[in-house]
Amino acid sequence: AQKITQTQPGMFVQEKEAVTLDCTYDTSDQSYGLFWYKQPSSGEMIFLIYQGSYDEQNATEGRYSLNFQKARKSANLVISASQLGDSAMYFCAMRENTGGFKTIFGAGTRLFVKA
Amino acid sequence: DSGVTQTPKHLITATGQRVTLRCSPRSGDLSVYWYQQSLDQGLQFLIQYYNGEERAKGNILERFSAQQFPDLHSELNLSSLELGDSALYFCASSVGFLRGADTQYFGPGTRLTVL
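So, here's what we can say about the structure. These numbers were taken from a predicted model, which means no experiment stands behind them. (Residues numbered from 1 in each chain as written. Chains lettered and ligands numbered in written order. Predicted model: local features only at pLDDT ≥ 70, side-chain atom pairs only at ≥ 80, totals over all residues. Heavy atoms only, no water.)

### A look at the overall build of chain A
Here is step 1 of the chain: On a plain count of helices and strands, chain A comes out with zero helices and twelve strands.
Here is step 2 of the chain: Scanning chain A from its N terminus toward the C terminus, one meets helices and strands in the order β-β-β-β-β-β-β-β-β-β-β-β.
Here is step 3 of the chain: Against the globule reference of 13 Å for 115 residues, chain A gives a C-alpha radius of gyration of 14 Å, in line with a compact fold.
Here is step 4 of the chain: In terms of principal-axis extent, the alpha carbons of chain A reach across some 45 × 30 × 20 Å.
Here is step 5 of the chain: Counting across all 115 residues of chain A, residues that qualify as buried make up 51%.
Here is step 6 of the chain: Summarising the internal contacts of chain A: among those between residues at least 6 apart in sequence, 55% fall at separations of at least 24.
Here is step 7 of the chain: Accessible surface computed for chain A: about 5400 Å², of which carbon and sulfur atoms make up 49%.
Here is step 8 of the chain: Of the side chains in chain A, 11 bear a positive and 11 a negative charge, and the two mean positions are spaced by 4 Å. (Helix = DSSP H or I, 4+ residues; strand = E, 2+ residues; numbered from the N terminus. Rg over C-alpha atoms; globule rule 2.2 N^0.38 Å. Buried < 20%, exposed > 50% of the residue type's maximum accessible area, 1.4 Å probe, protein only. Contact = heavy atoms within 4.5 Å. Areas by Shrake-Rupley, 256 points an atom, 1.4 Å probe, with all protein chains shown as cover. Lys, Arg positive; Asp, Glu negative; His and termini not counted. Charge placed at Lys NZ, Arg CZ, Asp CG, Glu CD.)

Next comes the structure, spelled out in structure tokens:
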């Protein structure tokens, strides 16, 4: 069965430093997509980055990169040069591309950026 | 602004009542998703439609129903409301690719409070 695990309920990082948010997943599908979303205190869900299961290179989008380790079934989000505006809830999500096409989200990690 | 619109923004109603939440997808997107976000359950996938047809079903209660209309807007109907249905309901839309980066873009959400 599909499962997404984010083991860090909350994390602190100093402004301008890098931070890694962990995400592990479980699926029996060979084809799937992994996503990260940011939810600030205002409540909206903002798409950050995508990684496909067949992508050989790690995805990058500006200050965001995804450390994809397929054998370990992990898809950690790395935020470089943290900014105060990065303080938010971060969700990892997975969509299987066969069968049910369901998307499931992890419980989230709340990131606090300190000045 | 993701381009996904949801109405109303806030809804306050009583137990036993029925409400309808509305969503308009981004221009060009054929797929619509509904999610429920509550404090104790996190972000739960409810249902997905593609071009008017149901594509995937998640943890949607029998008291809830949804549909996607020919103009691609979608409605989520919640009936016999209970206190536990109080949550933030998100709509998301995507192009609807079966594979690849079929990124979901989220609307601002409808905050439902059941008293």
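### A word on the packing of aromatic side chains
In this description, a pair of aromatic rings is defined by centroid distance and the angle of the planes.
Residues and elements named next belong to chain A.
Here is step 1 of the chain: Across all of its chains, the model carries 16 aromatic pairs over all chains by this definition.
Here is step 2 of the chain: Ring geometry for Phe 91 against Phe 105: centres 6.5 Å apart, planes inclined by 75°, an arrangement best described as edge-to-face. In this pair, Phe 91 is assigned in strand 10 (residues 88-96) and Phe 105 in strand 11 (residues 103-105), connecting sequence segments 14 residues apart. Phe 105 carries the same exposure label as Phe 91, and that label is buried. (Phe/Tyr/Trp six-rings, centres within 6.5 Å; stacked < 30°, edge-to-face > 60°.)

### So, the pattern of salt bridges
Residues and elements named next belong to chain B.
Here is step 1 of the chain: By the definition in use, this model includes seven salt bridges over all chains.
Here is step 2 of the chain: The shortest N-O distance in the salt bridge between Arg 63 and Asp 85 comes to 2.8 Å. On the criterion of sequence distance, the pair formed by Arg 63 in the loop between strand 6 (53-57) and strand 7 (64-68) and Asp 85 in the loop between strand 8 (74-78) and strand 9 (87-94) is long-range, its members being 22 residues apart. (Salt bridge = Lys/Arg side-chain N within 4 Å of Asp/Glu carboxyl O.)

### Structural notes on the sheet that holds strand 8 of chain B
Residue and element names in this part refer to chain B.
Here is step 1 of the chain: Read from one edge of the open sheet, four strands run 1-3-8-7, paired in antiparallel fashion. On the outer flanks of this sheet lie strand 1 (5-7) and strand 7, each paired with one strand and no other. Taken over all neighbouring pairs, the strand axes of this sheet differ in orientation by 15° on average, direction set aside.
Here is step 2 of the chain: Where strand 1 lies against strand 3 (residues 19-24), three bridges are found, and the strand directions are antiparallel. Residue pairing across strands places Gln 6 opposite Cys 23, the latter belonging to strand 3. (Pairing = 2+ DSSP bridges. Axes fitted to C-alpha atoms, helices over the stretch in contact; angles between N-to-C directions.)

### Here's the deal with the state of the cysteines
By definition, a disulfide links two cysteine residues through a covalent bond between their sulfur atoms.
Residues and elements named next belong to chain A.
Here is step 1 of the chain: Applying the stated criterion across every chain yields a total of two disulfides over all chains.
Here is step 2 of the chain: Put simply, Cys 23 and Cys 92 are joined by a disulfide, and their sulfur atoms are 2.0 Å apart. The disulfide joining Cys 23 to Cys 92 has a torsion of about -65° about its S-S bond and is therefore left-handed. In this pair, Cys 23 sits in the loop between strand 3 (19-21) and strand 4 (24-26) while Cys 92 sits in strand 10, placing the two residues 69 residues apart along the sequence. The same class applies to Cys 23 and to Cys 92, which are both buried. (Disulfide = S-S within 2.5 Å.)

### A look at the pairing of strand 9 (residues 74-79) of chain A
Residue and element names in this part refer to chain A.
Here is step 1 of the chain: In terms of residue burial, strand 9 counts as a mostly covered element, since five of its six residues are buried.
Here is step 2 of the chain: Two elements, strand 3 and strand 9, share three bridges in a ladder whose sense is antiparallel. Paired with Val 19 across the bridge in strand 9 is Ile 79.
Here is step 3 of the chain: Counting the residues that bridge the hairpin from strand 8 (residues 64-69) to strand 9 gives four residues, and of these Lys 73 lies at a positive phi of roughly 55°.

### As for the nonpolar core
Here is step 1 of the chain: Core analysis: the biggest nonpolar cluster contains 25 residues, and A:Leu21, A:Tyr25, A:Trp36, A:Ile49, A:Leu77, A:Tyr90 and A:Leu111 have the highest contact counts within it.
Here is step 2 of the chain: Elements supplying a minimum of two residues to this core: strand 2 (10-14), strand 3, strand 5 (32-39), strand 6 (46-52), strand 8, strand 9, strand 10 and strand 12 (109-114) of chain A.
Here is step 3 of the chain: A total of four residues in this core trace back to one element, the largest contributor, which is strand 10 of chain A.
Here is step 4 of the chain: Not counting residues up to four positions away in its chain, the partners in contact with A:Tyr25 are A:Lys3, A:Ile4, A:Tyr32, A:Leu34, A:Phe68, A:Lys70, A:Lys73, A:Ser74, A:Ala75 and A:Met94.
Here is step 5 of the chain: Core analysis: the next-biggest nonpolar cluster, separate from the first, contains 21 residues, B:Val19, B:Leu21, B:Phe64 and B:Val114 among them. (Core = buried A, V, L, I, M, F, W, Y, C linked by side-chain atoms within 4.5 Å.)

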